[in-house]
Amino acid sequence: MRRLLLCPPDYYGIEYEINPWMRQTQNAEPELARAQWKSLHDTLQLLGCQIDLLVPQPGLPDLVFTANAGLVIGRRFILSNFRHKERRGEEVHFERWFAEHDFEVVKLHSKLMFEGEGDALFCGDVLFCGYKYRSDIRSHHRLAEILGCLAVSVELVDERFYHLDTCFCPLPDGGAIWFSSAFDDYGQRVIRGRCAGLIETAPEEAAQFACNAVVLDREVVLPAGCPKLCGALAERGYRTHELAMGEFIKAGGACKCLTLFVPAR
């Protein structure tokens, strides 16, 4: 059973602008956002996931994007240090939840910006880490020390894809879904060299957050409007579940951003 941490969108909305997707003049519709979040929640449950819920908090509209809480490995939780002041209030709530659930909470130096699974994803035994817009490359060196793993830093070069999980999604067969244009030349080379069987996302589907998917063995939950990617995944033996995510794309997030993997007990 896969265990995931989600946060209901009770206080979700576009209250500030910290990425190119966010426009305060184009706020989310609360009822529609709740319906889209519930559809994700229910789909994940139907696929056999155990869902834990973080209590939403007023004044923290992006708390709903739990992938950015930190990185969970075994019983250790490496807490994020958010770059933007608007999100730093989330940190205490993530720290408290993991401490109350018997995880060892590890904190990075306050000057090391790091935004959790948003910018750190394992593909096989390699931890790919995105940097530039949100996370600092220096934080990757510290992650490698803490985890005793190979951490490969890749630079993001398109501000629309400000987190790694918006343009890169590892698959259990050793491949990944990705949008290559979001990376610099070195990043493209290193990903091609270490990930066998990459699936390139079309630009128009990347803009629908196609790469921001939740992968559960052979099941892939992703935003609606990505027929090319769904076809490519079907050819590889995956079954796709498309969900409307438009209200969360307004804030620069979708399926993966709304979930954090937590080890099942």
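Overview of the structure.

For the rest of this paragraph, the subject is the nonpolar core. Judged by nonpolar contacts, the single largest core of 35 residues is most densely connected at Phe128, Phe168, Phe183 and Ile191. At the level of elements, β6 (120-123), β7 (126-131), β8 (150-155), β9 (168-170), β10 (176-178), α5 (185-194), β13 (219-223) and α7 (227-235) are the ones that each hand at least two residues to this core. Residues within four places of Ile191 in sequence aside, it is in contact with Phe128, Val154, Phe168, Trp178, Phe183 and Leu198. Leu6, Ile51, Phe65 and Ala254 belong to the second-largest nonpolar core, a separate cluster that totals 32 residues.

Remark: the centre distance and the inter-plane angle together describe each pair of aromatic rings, the angle taken between the planes. This structure, assessed with the given rule, holds 10 aromatic pairs. Aromatic pair Trp97 and Phe98: ring centres 4.8 Å apart, planes at 75 degrees, arrangement edge-to-face. Among the aromatic residues, those joined into a ring-pair cluster are Phe77, Trp97, Phe98 and Phe103. Positioned above the aromatic ring of Phe103, the side-chain terminus of Arg75 is 3.8 Å from the ring centre. Over the ring of Tyr238 we find Arg218; its NZ or CZ atom is 3.9 Å from the centre of that ring.

Scanning all chains against the criterion turns up 16 salt bridges. Residues Lys107 and Glu95 are paired through a salt bridge, measuring 3.1 Å at the closest nitrogen-oxygen approach. One end of the pair, Lys107, is in strand β5 (residues 104-107); the other, Glu95, is in helix α3 (residues 91-100), with 12 residues separating them in the sequence. The salt bridge involving Glu155 is made with Lys132; its shortest N-O contact spans 3.6 Å. Note that Glu155 is positioned in strand β8 and Lys132 in the loop between β7 and α4 (137-147), a separation of 23 residues in sequence. According to the relative accessible area criterion, Lys132 is partly exposed, its value standing at 41%.

What follows concerns the environment of Asp217. Considering the arrangement of structural elements, one finds Asp217 in the loop between β12 (214-216) and β13. Assessed through its relative accessible area of 52%, Asp217 is described here as exposed. Along the chain, Asp217 and Arg239 lie 22 residues apart, while their C-alpha atoms are 9.6 Å from each other. For Asp217, the residues in contact, after removing those within four places along its chain, are Arg2, Pro172 and Tyr238.

Moving on: the environment of Leu147. Residue position: Leu147 is located in helix α4. Under the relative-accessibility criterion, Leu147 is labelled buried at 16%. In this structure, the C-alpha to C-alpha distance between Leu147 and Ile78, residues 69 residues apart in sequence, is 9.9 Å. Residues in contact with Leu147, not counting those within four places in the same chain, are Leu71, Ile73, Arg76, Ile78, Phe122 and Leu127.

Turning to the pairing of strand β1 (residues 3-6), a few remarks are in order. With burial as the criterion, each face of β1 is covered, one bearing Arg3 and Leu5 and the other bearing Leu4 and Leu6. Strand direction decides the pairing type here: β1 and strand β2 (residues 50-53), joined by four bridges, are parallel. Bridge assignment links Arg3 to a residue of β2, and that residue is Gln50. Note that the unit made of β1, helix α1 (residues 30-46) and β2 has a crossover that is right-handed. Where β1 lies against strand β15 (residues 260-262), three bridges are found, and the strand directions are antiparallel. Residue Leu5 lies in a different strand from β15, and its bridge partner there is Leu260.

Take the sheet that holds strand β4 (residues 76-79) next. Strand-to-strand pairing in sheets goes through backbone hydrogen bonds, with the strands running parallel or antiparallel. Spatial ordering of the open sheet is given by β3-β4-β5, a layout of three strands whose pairing is mixed. In the strand order of this sheet, the two ends are held by β3 (70-73) and β5, each with one partner. Pairs of neighbouring strands in the sheet enclose a mean axial angle of 20 degrees, with direction left out of account. Pairing geometry for β3 and β4, over four bridges, is antiparallel. If you follow Gly70 over to β4, its bridge partner there is Leu79. Its contacts with the sheet place α3 against β3, β4 and β5, and it is angled at close to 175 degrees to β4.

Thresholds applied
Residues numbered from 1 in each chain as written. Predicted model: local features only at pLDDT ≥ 70, side-chain atom pairs only at ≥ 80, totals over all residues. Heavy atoms only, no water. Core = buried A, V, L, I, M, F, W, Y, C linked by side-chain atoms within 4.5 Å. Buried < 20%, exposed > 50% of the residue type's maximum accessible area, 1.4 Å probe, protein only. Helix = DSSP H or I, 4+ residues; strand = E, 2+ residues; numbered from the N terminus. Contact = heavy atoms within 4.5 Å. Phe/Tyr/Trp six-rings, centres within 6.5 Å; stacked < 30°, edge-to-face > 60°. Lys NZ or Arg CZ within 6 Å of the ring centre and 35° of its normal. Salt bridge = Lys/Arg side-chain N within 4 Å of Asp/Glu carboxyl O. Pairing = 2+ DSSP bridges. Right-handed = clockwise from strand over helix to strand, strands pointing away. Axes fitted to C-alpha atoms, helices over the stretch in contact; angles between N-to-C directions.

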